[in-house]
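Listed below are the residues making up each chain.
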Amino acid sequence: LRESSLPGNFLAACADDLAKIHAVTCRFLELLDAPQSPHAEAAPSSAPPIEYSNAGAARPLLHEDAPENAAAPALTGRILVVDDTELNCDLLAQRLHRQGHSVDVAGNGRLALEKLAVEAFDVVLLDVMMPEMDGLQVLQFMKNDPQLRHIPVIMISALDELDSVIRCIEMGAEDYLHKPFRPVLLRARIDACLEKKQLRDQERALFAQLQENFARLQELESLRDSLTHMVVHDLRTPLTSLIAGLQSIEAFGELNESQRECLHISESGGQTLLRMINDLLDISKMEAGELQL
């Protein structure tokens, strides 16, 4: 605003407030332009970043007395930040981006569920107090959905009440952070959730592989049973007839020594094959629990 357009006593009356606004704005610009080097230090300032709560009162989102370790995190993932206050989403998204995470934001619970339905996320930072659909309703919906229940959820709220914390944990939240929270604590909680998510994904992949192997085993057992049924029932009858025919040859006349030897070899081989078929039949009955001793 130009000074010429304001009353003479306006600037004098609002000088202190304008100075505070100017200091906060400068500090916010410093945060946006902060260097990304691990050895860089932020310029000192007395004004913390501001977060406007649902009640309209200004309060710091992050503690300033706990500098964050700039080393790259062991795990990175895709994180969804859900908060109806745009400034909160922006501050969290910028900080998480600097940590190497991929971040998306949602301004309300319904928009968050729409994003969760079409995109894959590793962690959800969920504000408790939101209009229309609050964080508890979103959490309950996620835990009732088989496709979403495995996603870790960290609840964030300006309410520091034990009952609220207990309720969120009982509903399935991985953790609970009270505003203002320390950046180091936020980072530690996200790393822990990402590690749990990774282990759960490995467990689900292993379970899916076991199910696939079990289905393949059942298929092979079915093929084996079909082969056994064919051998036992389709070959046993003609083989028995063949042996009976060989045994009746001598009844048609006297055989010489060579003929009797060939007949004996054929009959012995047929009897061996018949015993093998009978053994398969016994094994089949044993597996079916139908064998009578």
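Residues numbered from 1 in each chain as written. Predicted model: local features only at pLDDT ≥ 70, side-chain atom pairs only at ≥ 80, totals over all residues. Heavy atoms only, no water.

1. Focus: the overall build of the protein chain
On a plain count of helices and strands, the protein chain comes out with eight helices and seven strands. Looking at the protein chain as a whole, 30% of its 293 residues are labelled buried. Contacts in the protein chain between residues far apart in sequence, at least 24 positions, make up 64% of those at least 6 positions apart. In the structure as shown, the protein chain presents an accessible area of about 18700 Å², 56% of it carried by carbon and sulfur atoms. (Helix = DSSP H or I, 4+ residues; strand = E, 2+ residues; numbered from the N terminus. Buried < 20%, exposed > 50% of the residue type's maximum accessible area, 1.4 Å probe, protein only. Contact = heavy atoms within 4.5 Å. Areas by Shrake-Rupley, 256 points an atom, 1.4 Å probe, with all protein chains shown as cover.)

2. What to know about the environment of His233
Locating His233 in the fold gives a position in helix α7 (residues 183–247). Along the sequence, His233 and Ile277 sit 44 residues apart, while their C-alpha atoms lie 9.1 Å from each other.

3. Considerations on the pairing of strand β5 (residues 123–127)
Along β5, five of the five residues are buried, which leaves the element largely enclosed by surrounding structure. Of the strand pairs in this sheet, strand β3 (residues 78–82) and β5 are connected by four bridges, and their pairing is parallel. Among the inter-strand pairings, Ile79 is bridged to a residue of β5, identified as Val123. With four bridges joining them, β5 and strand β6 (residues 153–157) adopt parallel strand pairing. (Pairing = 2+ DSSP bridges.)

4. What to know about a nonpolar patch on the surface
A grouping of Leu227, Met230 and Leu235 is seen on the molecular surface, where their side chains present a nonpolar patch of about 260 Å² in accessible area. Its location among the elements puts Leu227 in helix α7. (Patch = residues over 30% accessible without salt bridge, like charges linked within 9 Å, V, L, I, M, F, W, Y side chains within 5 Å. Salt bridge = Lys/Arg side-chain N within 4 Å of Asp/Glu carboxyl O.)

5. Here's the deal with the side chain of Glu174
Inspection of the secondary structure assignment puts Glu174 in the loop between α6 (162–170) and β7 (175–178). A polar contact of 3.3 Å, which involves the side chain of Glu174, links it to the side chain of Lys196. (Polar contact = N/O pair within 3.5 Å; in protein donor to acceptor, adjacent residues only side chain to side chain.)

6. A few points about α7
Because each turn of an α-helix spans 3.6 residues, side chains separated by three or four positions in sequence point in the same direction. In a regular helix each residue adds 1.5 Å, so 65 residues correspond to 96 Å; α7 covers 93 Å between its end C-alpha atoms and thus fits that length. Along α7, the largest kink reaches about 40° and is centred on Arg236; proline Pro238 follows within four residues of it. (Expected span 1.5 Å × (residues − 1). Bend = angle between axes of the 7 residues up to and from the residue.)

7. Points about the side chain of Lys143
Here Lys143 shows up in helix α5 (residues 135–144). Summary of buried charges: Lys143 has no salt-bridge partner, and the nearest side chain of opposite charge, Glu174, is 5.4 Å away. Once residues lying within four places of it in the same chain are set aside, the contact partners of Lys143 are Arg149, Ile151, Met171 and Gly172. (Lys, Arg positive; Asp, Glu negative; His and termini not counted.)

8. Details of the sheet that holds β3
Reading across from one edge, β4-β3-β5-β6-β7 is the order of the five strands in this open sheet, with parallel pairing throughout. Here the strands that pair on one side only, and so sit at the sheet edges, are β4 (102–106) and β7. The sheet shows a mean angle of 20° between the axes of neighbouring strands, taken without regard to direction. (Axes fitted to C-alpha atoms, helices over the stretch in contact; angles between N-to-C directions.)

9. Describing the packing of α7 against helix α8 (residues 257–287)
Between α7 and α8, the least distance of the axes is 9 Å, while the angle of their chain directions is 150°. Compared by their axis directions, α7 and α8 come out roughly antiparallel. Every pair of crossing elements has a handedness; the one defined by α7 and α8 is left-handed. Of the residues contributing to the contact of α7 with α8, the split by class is twelve nonpolar, eight polar and four charged. (Parallel < 35°, antiparallel > 145°, perpendicular 65-115°, else oblique. Left-handed = near helix turned anticlockwise from the far one by under 90°. Nonpolar A, V, L, I, M, F, W, Y, C, P; charged D, E, K, R; others polar.)

10. Observations concerning the packing of helix α4 (residues 109–118) against α5
Packed helices, taken two at a time, are described by the angle their axes make and the gap between the axes. One way to put it is that α4 packs onto α5 with a least axis distance of 9 Å and a crossing angle of 25°. The angle between the axes of α4 and α5 places the two elements in the roughly parallel class. Relative to α5, α4 is oriented so that their crossing is right-handed. Between α4, through Gly109, Leu113 and Leu116, and α5, the contact on the second element is made entirely by Val138, Phe141 and Met142.

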